[in-house]
Amino acid sequence: MARPFAKMDFMNTQTLPYNVQAVRADFPILGQEHHPGVPLVYLDNAASSQKPLKVINALDDYYRRYNANVHRGIHKLSEQATAAYEEARIKIKRFINAASKREIIFTRGTTESINLVAQTWGRANLKVGDVVVSTVMEHHSNIVPWQIRAAEKGFTIRYIPVLPDGTLDLNAYAALLRDENVKLVTVMHVSNMLGTVNPVVEMAQQAHAAGALILVDGAQSTPHMSVDVQALDVDFFAFSGHKMCGPTGIGILYGKRDLLEAMPPWMGGGDMISRVTLDGSTWNDLPYKFEAGTPIIAGAIGLGYAVDYLSELGMDKIHAYEQAIAAYALERLAEVPGITVYGPDADKKGAVAAFTLDSVHAHDVAQILDAEGVAVRAGHHCAMPLHEHFGVPATARASFYLYNTFAEVDALIEGLYKAKKAFA
Ligand code: PMP
């Protein structure tokens, strides 16, 4: 049986930065039953977060009151939509402390942002003999775009290994950077499986000292901690709206202005041009050069409201709250006989716990948990090379967000004991 006193023991030593019940009231979905009589315990936040009323209402308001295309119409609705779309860009610029709103490109998400850089900067700058340094822990969206480009341009990709504790081998990184052919380092800020927080400030300094640029996949950091792209001094930074209380289908590519200015466009079409003749075209200014066609207007506006929501709660408070939940979850998970939790200790990781349980397959674990109302993810989490590295085909993953409670951690643990019993 799970220890009944664990929660109280833990909470006596913690001061929580906000009242989570008040926060939960902002998220209508969290109040519903997963099955009749079984409350929803949503622990699949690394895949996608839930949305607060502020965001849901913003989408509703846009479609009800001022739905129109942006940048094109002279009429009032189009002006309103354009103002809201551009206001969202400014909110995001402030949220990540970019130097200029021109450095904020709206995309469909992290995947598209990384593909944009691989397709445009990669096509223009990488050639045979060049090296791109990535890591074994990357999400597929930061491996495959480079493989596709490498197959066409003939450069080499080298991977920083992962140590047994789930951190990067930084000695190996330093050694890789001794090769003067390294043109780009592309690394995740926080691992979506291990939760490892990579030292991107130091990694950026080292990359720059070696004459390389650095791209950071911020999909799992931006929702959970304060991000300052100037303090990080990264060249490109990618993230997704849907993991940070925003809608699906919207994300951001941040890039330093001089780099974006020099990059050729990617998709051609409306809005990204300055002038089109039948013989050729010239390009619009940043950021529009990279935003061809009708953009994701409602998504961008919704993301702006998500950023408002997170900022009002406070990113530092959110981070502190999640650290407390994650520490408790790791402590409780460690009690479960036969469990292996992957990744570093609580103080070095985000609020993610990927684990295997004896011989129970991760999908069976997830299915039994689902019957108990607990939503987790099972599989390779788009990190097949990392799973291969740890010698497991799949893990179950519980990932937490600003609205999860200690009682929900207890529900997860109880569900795991049920899974063990069912497969004993
Ligand atoms: N990188 C990481 C670390 C992720 O966790 C994810 C989403 N699972 C992605 C990239 C891809 O994000 P999206 O599917 O929103 O493009």
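Residues numbered from 1 in each chain as written. Predicted model: local features only at pLDDT ≥ 70, side-chain atom pairs only at ≥ 80, totals over all residues. Heavy atoms only, no water.

> How should I be thinking about the sheet that holds strand β13 (residues 339–342) in this particular structure?
Backbone hydrogen bonds are what pair the strands of a sheet, in a parallel or an antiparallel way. Ordered by their spatial adjacency, four strands build an open sheet running β13-β14-β17-β16, and the pairing between neighbours is antiparallel. Pairing within the sheet leaves two strands with one partner each, and these edge strands are β13 and β16 (377–379). Averaged over all pairs of adjacent strands, the angle between their axes in this sheet comes to 30°, without regard to strand direction. Strand direction decides the pairing type here: β16 and strand β17 (residues 395–399), joined by three bridges, are antiparallel. Counterpart to A378 in the pairing with β17 is A396. Lying over the sheet, helix α15 (residues 406–422) contacts β13, β14 (352–357) and β17, oriented at roughly 15° with respect to β14. (Pairing = 2+ DSSP bridges. Helix = DSSP H or I, 4+ residues; strand = E, 2+ residues; numbered from the N terminus. Axes fitted to C-alpha atoms, helices over the stretch in contact; angles between N-to-C directions. Contact = heavy atoms within 4.5 Å.)

> Mind showing me how you'd approach the site of the ligand here?
Surrounding the ligand, one finds 13 residues, the nearest of these being T111, D217, Q220, S240 and K243. A distance of 3.4 Å is found between an oxygen atom of the ligand and a backbone nitrogen or oxygen belonging to T110. Interatomic distance of 2.6 Å between a side-chain N/O atom of Q220 and an oxygen atom of the ligand. In the complex, 86% of the free accessible area of the ligand, which totals 400 Å², lies under the protein chains. Of the residues contributing to the shell around the ligand, the split by class is two nonpolar, nine polar and two charged. (Near = heavy atom within 4 Å. Polar contact = N/O pair within 3.5 Å; in protein donor to acceptor, adjacent residues only side chain to side chain. Areas by Shrake-Rupley, 256 points an atom, 1.4 Å probe, with all protein chains shown as cover. Nonpolar A, V, L, I, M, F, W, Y, C, P; charged D, E, K, R; others polar.)

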